[in-house]
Amino acid sequence: MVPARLVVTNLLKKLTAYKALDGVGYILGVTKLKTICKGKRHESTKCFSFLVAFICRTLLPMKGEVMFGIVHRVTRSGVFLKSGPMELVYLSTQKMPNYHLVDEGNPLFLSNDLSRIEEGVVIRFVVVATRWRQMNCDIWVLASIEGDSLGPVATAGLDGFEL
């Protein structure tokens, strides 16, 4: 008989090997273990396999969803944001109305009202499209700040703001 604790530990190790799962999204954490079925021994490998049912918290970005992200790289064609476990959120210059590139020293985007999009700035964005990437087990997100209440967010007084 294999202890349930060992089964759960191995389940959590296996889940951390995946960044995300297609159709499910990013697994943020297991919240409840429902059942662990009796193990089946494989004679060829002398290993056991267990069917485990569990409930977990996930993050699957959907078109039209409003999210927050932190700018981590600025390029001529747009900016890359990190948002929670998602490291591939792209905001194109085409989806940043009234912003233009200022490429003196540290590149940044400046708007007509002088708001800035540069590394470390928190952005409120809407998800325009998503794409599952099988090779890397992650999700690409195309973002936009076209619309009301979208764009750079004032974070005065928020030390160590992390998304």
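Our subject is the structure that appears above.
Figured I'd write up the structure that's included with this text. (Residues numbered from 1 in each chain as written. Predicted model: local features only at pLDDT ≥ 70, side-chain atom pairs only at ≥ 80, totals over all residues. Heavy atoms only, no water.)

**A look at the packing of aromatic side chains**
- Scanning the model with the defined rule gives one aromatic pair in all.
- Plain terms: the ring middles of Phe80 and Tyr90 are 5.0 Å apart, the flat faces sit at 45° to each other, and that makes the pair tilted. Separated by ten residues along the polypeptide, Phe80 in strand E6 (residues 78–83) and Tyr90 in strand E7 (residues 86–92) bring together distant segments of the chain.
- For Phe80, a relative accessible area of 13% corresponds to the buried category.
- Taking the ring centre of Phe80 as reference, the NZ or CZ of Arg73 above it sits at 4.3 Å. (Phe/Tyr/Trp six-rings, centres within 6.5 Å; stacked < 30°, edge-to-face > 60°. Helix = DSSP H or I, 4+ residues; strand = E, 2+ residues; numbered from the N terminus. Buried < 20%, exposed > 50% of the residue type's maximum accessible area, 1.4 Å probe, protein only. Lys NZ or Arg CZ within 6 Å of the ring centre and 35° of its normal.)

**Concerning the pairing of strand E9 (residues 108–111)**
- Residues of E9 alternate between two faces, with Leu108 and Leu110 on one and Phe109 and Ser111 on the opposite face, all of them buried.
- Pairing of strand E8 (residues 99–102) with E9 involves four bridges; the strand directions are antiparallel. Each bridged residue has a counterpart across the sheet, and for Val102 the counterpart in E9 is Leu108.
- Two successive antiparallel strands, E8 and E9, enclose a turn made up of five residues, where Gly105 displays a positive phi of approximately 75°.
- Alignment of E9 against strand E10 (residues 116–117), held across two bridges, turns out to be antiparallel. Residue pairing for E10: Leu110 is matched across the bridge by Arg116. (Pairing = 2+ DSSP bridges.)

Interpretation note: all reported values are geometric properties and have no functional meaning in isolation.
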